[in-house]
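Now for the letters of each chain:
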Amino acid sequence: MPDLLSLYRTMVRIRAFEDAAEISSQGGVAAWGKQASDKPALVRGPLHLSTGQEAVAAGVCAHLKPADLLTSTHRGHGHTLAKGADATKMMCELFGRATGYNGGKGGSMHIADFSVGMLGANGVVAAGLPIAVGAAQGLKIRGQDAIAVCFFGDGAINRGPFMEALNWAVVYHLPVLFVCEDNRISATTESAAMTAGPGASARASSMGIAAVQVDGTDAQAVSEAAAELIREIRAGSGPRLLHALTDRHKGHVSVDPGLYRDPAAVAAALARDGIARARARLVEQGLGAQADQVDQAAKAEIDAAVATATAAPPPDKAAAYTDIQNTGAGVWA
Amino acid sequence: MDADPTVVALGEDLGRGGVFGQYRDAEGVPLVKRFGPDRIIDTPISESTIVGAAVGMALAGIKPVVELRVVDFALCAIDEVVNQAAKNRYMFGGQGRVPTVMRMPIGIWSASAAQHSQSLEAWFAHIPGLVVVTPGTPADNHGLLLSAIASGDPVVYMEHKELWPTTGPVTLGEAVPLGKARVARAGSDVTIVSWSRQVQACLDAAEQLAAQGVQAEVIDLRTLWPWDKEAVLNSAAKTGRLLVVHEAIQVAGFGGEIAATVAEHTHAKVARLGAPRIPVGYAPVLEEEARVGPAKVLAAALKLLQR
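To start, this report covers the structure provided alongside it.

Parameters and conventions
- Residues numbered from 1 in each chain as written.
- Chains lettered and ligands numbered in written order.
- Predicted model: local features only at pLDDT ≥ 70, side-chain atom pairs only at ≥ 80, totals over all residues.
- Heavy atoms only, no water.
- Axes fitted to C-alpha atoms, helices over the stretch in contact; angles between N-to-C directions.
- Helix = DSSP H or I, 4+ residues; strand = E, 2+ residues; numbered from the N terminus.
- Parallel < 35°, antiparallel > 145°, perpendicular 65-115°, else oblique.
- Left-handed = near helix turned anticlockwise from the far one by under 90°.
- Contact = heavy atoms within 4.5 Å.
- Nonpolar A, V, L, I, M, F, W, Y, C, P; charged D, E, K, R; others polar.
- Core = buried A, V, L, I, M, F, W, Y, C linked by side-chain atoms within 4.5 Å.
- Buried < 20%, exposed > 50% of the residue type's maximum accessible area, 1.4 Å probe, protein only.
- Pairing = 2+ DSSP bridges.
- Buried area = accessible area lost by both parts, 1.4 Å probe.
- Salt bridge = Lys/Arg side-chain N within 4 Å of Asp/Glu carboxyl O.
- Polar contact = N/O pair within 3.5 Å; in protein donor to acceptor, adjacent residues only side chain to side chain.
- Phe/Tyr/Trp six-rings, centres within 6.5 Å; stacked < 30°, edge-to-face > 60°.

## Remarks on the packing of helix α2 (residues 54-61) of chain A against helix α8 (residues 219-234) of chain A
Geometry of a packed helix pair, given as the angle between the helix axes and the separation of the axes. Residues and elements named next belong to chain A. At a closest axis distance of 7 Å, the pairing of α2 and α8 adopts a crossing angle of 40 degrees. The pairing of α2 with α8 is recorded here as oblique in orientation. Every pair of crossing elements has a handedness; the one defined by α2 and α8 is right-handed. Of α8, the residues touching α2 (which contributes Ala-55, Val-56, Gly-59 and Val-60) are Ala-219, Val-222, Ser-223, Ala-226 and Ile-230. Looking at side-chain class alone, the contact of α2 with α8 contains seven nonpolar, two polar and no charged residues.

In structure tokens, the structure reads:
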């Protein structure tokens, strides 16, 4: 079982990465009631932050091996870092640089590191679920000793692919862990107003998938629940679902101040921040100095990532025509 | 599937050999008997997940052949085809490849009406990352399928349902390259470009033109993306007249792409012939109105010759 300090380290790195990305996303175009600034943003386009949800990524990914495969959501920085990706190459991608994971072709919404089994964030809600069950099936067909994990949000359970993918995972008895990051808001709308019934766990149970609900702001609780579910899956149980109740501290995208939200609910979410609570627990255990070191190391790592990304070159124009089968106007290559 | 253990097939009704018998061997035995349920995967009616799972399988080292029954049902998986399969390699900067063949049969077939008869090849030719294959003969169907599976990227593979019962010589293992047209009939007076089921309608019309002393050159494009621009431009430059014929609706169809390209590069007179912009109706008279048969091809060619 991973200790609290290592879970804390993962969470702090995610928070530092996203805080830095958020600062770098300010400027550029006018959006969400904010004026454009003269200074163009270094991170352009939609930046969906997982601030407040770090405990889920940390707690689940602590139990994954490099050979395990992972699909993610549009809010995928945390999952990618927790699965073992390099923060500098990620930041380069967010900055649209040639040295980024995707060579500047994907950005935040498509952040991925296939070398550690992270098969990509996704700009389409629920799209990662069918891909994850297929990845699990591919692993099974090839006789690989690995599992697939699929993160998705509470909004995703109202799209057809969620139902299809869960049914599929049961039908083929696949080694897949579904992880619902339930922050109770779908883009800018309260999910409860849009969702029938009690949610992801109940829908999973109706198809015979054992589901466990957990406090998704408590990394240790997530880690313990995920450990047991993943142990069962590796032992051949078939699919399992982890329903993590968590909080999104920020707006839908980084430039969204989230003014439509109930201030009391946001204040309550900030008060139960998983990182602050983990830190307090570490201090209680006499590990305050180690926590300080983790904080400083994360800051130094991310500062260096931003500096590297800022200085990195943009992609060559010719790269617009690579990585497509049969690029351009009728030229067969 | 014998040659490459990573090739699997998945789709609805594959266990009984596919609704058109595509997943049966020469003796009519369902392929699942030979390859087992891990390689001939009988799936739920879940088109989004059939294609989405194929993307996931491909990323896990499998080469899936996806059966979507008819192109009309592939529309239930349009996100997975267009946003997931087609974009994966580009979006992720070449980290991922999705070697999958998505079979989406096209065309009017046996009073199947508006939701089982469409020819939507132009939709997919429009999407970067997708290759679009439209075989017209048994040999091409075999050879293009081999190339599609070997290509290492997503391929939309469109067989015309009326061609299923067609017989013809096939050399097993002989691949047909993607992007290389076939001259189905040589001629000097007018070029007729087509693909899939309509090639035969064009050949029938060409016979009738020959009886009137007009030699039509009929080109079977075989693949719409990539399409053999060179073969078409050379022929149009030679004959000075180009007619594109397809069963798909003429408006915003792929015929417009070919006609425009030929107009941009040659002095040839160009024309296109497709279906009127109507859904395919059920009653024979309505179905026939949507069909582009030899008579319509002949009339369009004669009209072009008079210009």
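## Here we look at the nonpolar core
When a protein is soluble and globular, its nonpolar side chains tend to lie buried together. Of all hydrophobic cores here, the largest spans 148 residues; its most connected members are A:Phe178 and B:Ile258. Here this core takes eleven residues from helix α1 (residues 4-24) of chain A, the largest share from any one element. A:Phe178 has contacts with A:Leu129, A:Val133, A:Cys150, A:Phe152, A:Ala165, A:Leu166, A:Ala169, A:Ile209, A:Pro239, A:Arg240, A:Leu241 and A:Leu242, leaving out every residue within four places of it along the chain. The next biggest cluster of nonpolar side chains, apart from the first, holds 22 residues, and it includes B:Ile192, B:Cys202, B:Ala301 and B:Leu304.

## Some details on the environment of A:Ala98
You can see A:Ala98 is positioned in the loop between α4 (87-94) and α5 (128-141). Filtering out sequence-adjacent residues up to four positions away, A:Ala98 remains in contact with A:Gly103, A:Pro313, A:Pro314 and A:Pro315.

## Some points on the sheet that holds strand β12 (residues 269-275) of chain B
All names here are of chain B. The strand order β7-β9-β8-β11-β12 describes an open sheet built from five strands, whose pairing is mixed. Lying at the two open borders of the sheet, with one neighbouring strand each, are β7 (182-185) and β12. Taken over all neighbouring pairs, the strand axes of this sheet differ in orientation by 25 degrees on average, direction set aside.

## Remarks on the interface of chain B and chain A
Contacts between the two partners involve 44 residues from chain B, matched on the other side by 43 residues from chain A. For the pair chain B and chain A, the two sides together bury roughly 3,500 Å², of which 63% comes from carbon and sulfur. Considering only the side of chain B, the residues that lose the most area to chain A are B:Tyr90, B:Phe92 and B:Gln95, jointly responsible for 19% of the buried surface there. The tally of links from chain B across to chain A stands at zero salt bridges. Viewed at the interface, chain A and chain B are joined by 16 residue pairs in polar contact (both at pLDDT 80 or more). Examining the composition of the side of chain B that touches chain A, we find that ten residues originate from one element, helix α2 (residues 47-59) of chain B, more than from any other.

## Comments concerning the sheet that holds strand β2 (residues 148-153) of chain A
Residues and elements named next belong to chain A. Strand order across the open sheet formed by five strands is β1-β2-β3-β7-β6, with parallel pairing between neighbours. Since the sheet does not close on itself, it has two edges, and those belong to β1 (69-71) and β6 (211-215), each with one partner. Pairwise comparison of adjacent strand axes, ignoring direction, gives a mean angle of 20 degrees for this sheet. In this structure, β1 lies alongside β2, joined through three bridges in parallel fashion. If you follow Leu-70 over to β2, its bridge partner there is Val-149. Sitting on the sheet, α5 is in contact with β1, β2 and β3 (176-182), with an inclination near 175 degrees to β2.

## Here we look at the packing of α1(A) against α4(A)
All names here are of chain A. Put simply, α1 and α4 touch, their axes get as near as 11 Å, and they point 25 degrees apart. Looking at the two axes, α1 sits roughly parallel to α4. Read as a crossing pair, α1 and α4 show a hand that is right-handed. Contact residues: α1 offers Arg-13, Phe-17, Ala-20 and Ala-21, while α4 offers Ala-87, Met-90, Met-91 and Leu-94. Among the residues making up the contact of α1 with α4, the classes are represented as seven nonpolar, no polar and one charged.

## What about the packing of aromatic side chains?
All names here are of chain B. Under the defined criterion, the tally for this structure stands at seven aromatic pairs over all chains. A centroid spacing of 5.4 Å and a plane angle of 20 degrees characterise the contact between Phe-20 and Trp-164, whose relative ring orientation is stacked. On the criterion of sequence distance, the pair formed by Phe-20 in the loop between β1 (7-11) and α1 (32-35) and Trp-164 in the loop between β6 (155-157) and β7 is long-range, its members being 144 residues apart. A residue is classified by how much of its surface remains accessible, and Trp-164, at 23% relative accessible area, is partly exposed. When the ring of Trp-195 is compared with that of Phe-254, the centres are 6.1 Å apart and the planes differ by 80 degrees; the resulting orientation is edge-to-face. Of the two residues, Trp-195 is situated in the loop between β8 (190-194) and α8 (198-211) and Phe-254 in helix α10 (residues 254-265); the sequence distance between them amounts to 59 residues. Exposure remark for Trp-195: the relative accessible area of 2% places this residue in the buried category. Through a chain of ring-to-ring contacts, the aromatic side chains of Phe-20, Trp-109 and Trp-164 assemble into a single cluster.

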